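# Observations on chain architecture
So the chains spell out like this:
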Amino acid sequence: MTSDPLLPILIGALERRTMVTLVLADDLDGRCGLTNKTDGVVFLDRHNTLGEMRATLAHELMHLLQPSWSEEKVEATVSEILVPLPAALAAQRHGTYEEVARRLGVDAQLVRARLRAAGREAVNVVGEAAG
C-alpha cells in the first residue's frame, strides 16, 4: 500500500502548530483558498471539486509551513510533491490534464504547475519548442 504524498505536508503543518482550523467558505472572491497565517485558519471554497480542494489544502498548508515563501515557490513545491513528473509529461503529450489530475486527486492547474517547476512548460505536445 502506498501512502498519500499529501500526508507529509499535513503532518508538518500539525507538528508546527497546536491547531489548524479548516473552514469551507461560500465566497472567497474567486480564490480557491486562502490562509490566515497568524491564526492557522485555512479557508477553502466549498464549491470546488475534491481535487481542487485537495490541491488547495496542500498549497495553503505549505504557506503555514513556509510563511516567507512566494506563491510561485509554494506552488512549485506542492506540485513536485503531489504530481509525479512522468504523469505531468504524459498529460502534456496527450492533452489530458484534467484526466491526469482526476487520477492523482488534484486539479489540472497543479499538473501544469508541475511542468513549469520542471522547466517543461515551453515544450509543446510533440516536443518542439513553442513559438
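Residues numbered from 1 in each chain as written. Predicted model: local features only at pLDDT ≥ 70, side-chain atom pairs only at ≥ 80, totals over all residues. Heavy atoms only, no water.

## So, helix α5 (residues 97–104)
Those residues of α5 that fall on the buried side of the exposure criterion are Y97, V100 and A101. Buried residues along α5 cover an arc of 100° about the axis, so they all sit on one side. Away from its buried face, by an angle of more than 90 degrees, α5 presents the exposed residues E98, R102 and R103. Positive backbone phi, at 75°, marks G105, one or two positions downstream of α5. (Buried < 20%, exposed > 50% of the residue type's maximum accessible area, 1.4 Å probe, protein only. Helix = DSSP H or I, 4+ residues; strand = E, 2+ residues; numbered from the N terminus. Arc of directions from axis to C-beta.)

## Things to note about the nonpolar core
One finds I9, V78, L82, V83, V106, L110 and V111 to be the most contacted residues of the largest nonpolar core, which totals 29 residues. Looking at this core, the elements with two or more residues in it are β3 (41–45), α2 (50–65), α3 (71–82), α4 (85–94), α5 and α6 (108–117). Element by element, the count of residues in this core is highest for α2, at eight residues. In this structure, V106 is in contact with G51, E52, R54, A55, L82, V83, A101 and V111, ignoring residues within four places of it in sequence. (Core = buried A, V, L, I, M, F, W, Y, C linked by side-chain atoms within 4.5 Å. Contact = heavy atoms within 4.5 Å.)

## Regarding the pairing of β3
Counting buried positions over the five residues of β3 gives four, a clear majority of the element. With five bridges joining them, strand β1 (residues 21–25) and β3 adopt parallel strand pairing. Counterpart to L24 in the pairing with β3 is L44. Two elements, strand β2 (residues 33–36) and β3, share four bridges in a ladder whose sense is antiparallel. In the strand pairing of β3, L34 is matched with F43. (Pairing = 2+ DSSP bridges.)

## Topic: the confidence of the model for the chain
Confidence along the chain averages 84 in pLDDT terms, with 86% of residues attaining 70 or more. Highest mean pLDDT in the chain belongs to β3 (94); lowest belongs to helix α1 (residues 7–16) (72). The low-confidence segment residues 122–131 (pLDDT under 50) makes seven contacts with residues lying over four places distant or belonging to another chain. (pLDDT = per-residue confidence, 0-100.)

## Comments concerning the environment of H63
Note that H63 resides in helix α2. Among the residues examined, H63 registers a relative accessible area of 5% and is labelled buried. In sequence terms H63 and V74 are eleven residues apart; their C-alpha atoms lie 6.9 Å from each other. Those residues within four positions of H63 in sequence are excluded, and the remaining contacts are K37, E71 and V74. Here the side chain of H63 touches H59 through a polar contact of 3.1 Å, side chain to side chain. (Polar contact = N/O pair within 3.5 Å; in protein donor to acceptor, adjacent residues only side chain to side chain.)

## A word on the pattern of salt bridges
Evaluation of the coordinates by the stated rule reveals two salt bridges. Residue R46 is joined to D26 by a salt bridge in which the shortest nitrogen-to-oxygen separation is 3.0 Å. Of this pair, R46 sits in the loop between β3 and α2 while D26 sits in the loop between β1 and β2, and the two are 20 residues apart along the sequence. (Salt bridge = Lys/Arg side-chain N within 4 Å of Asp/Glu carboxyl O.)

## Re the packing of aromatic side chains
On inspection of all chains with the given rule, the structure shows zero aromatic pairs. Here K73 stacks its cationic end above the ring of W69, 4.6 Å away from the centre of that ring. Across from the ring centre of Y97, 4.0 Å away, lies the NZ or CZ of R112, which sits over that ring. (Phe/Tyr/Trp six-rings, centres within 6.5 Å; stacked < 30°, edge-to-face > 60°. Lys NZ or Arg CZ within 6 Å of the ring centre and 35° of its normal.)

## Here's the deal with the sheet that holds β3
Each strand in a sheet pairs with another by means of backbone hydrogen bonds, the pair being arranged parallel or else antiparallel. Pairing within the open sheet is mixed, and its three strands lie in the order β1-β3-β2. Every other strand in the sheet has two partners, leaving β1 and β2 as the edge strands with one partner each. Across the sheet, the axes of successive neighbouring strands diverge by a mean angle of 20°, strand direction being ignored. The strands touched by α2 within the sheet are β1, β2 and β3, with β3 carrying the most contacts at an inclination of about 155°. (Axes fitted to C-alpha atoms, helices over the stretch in contact; angles between N-to-C directions.)

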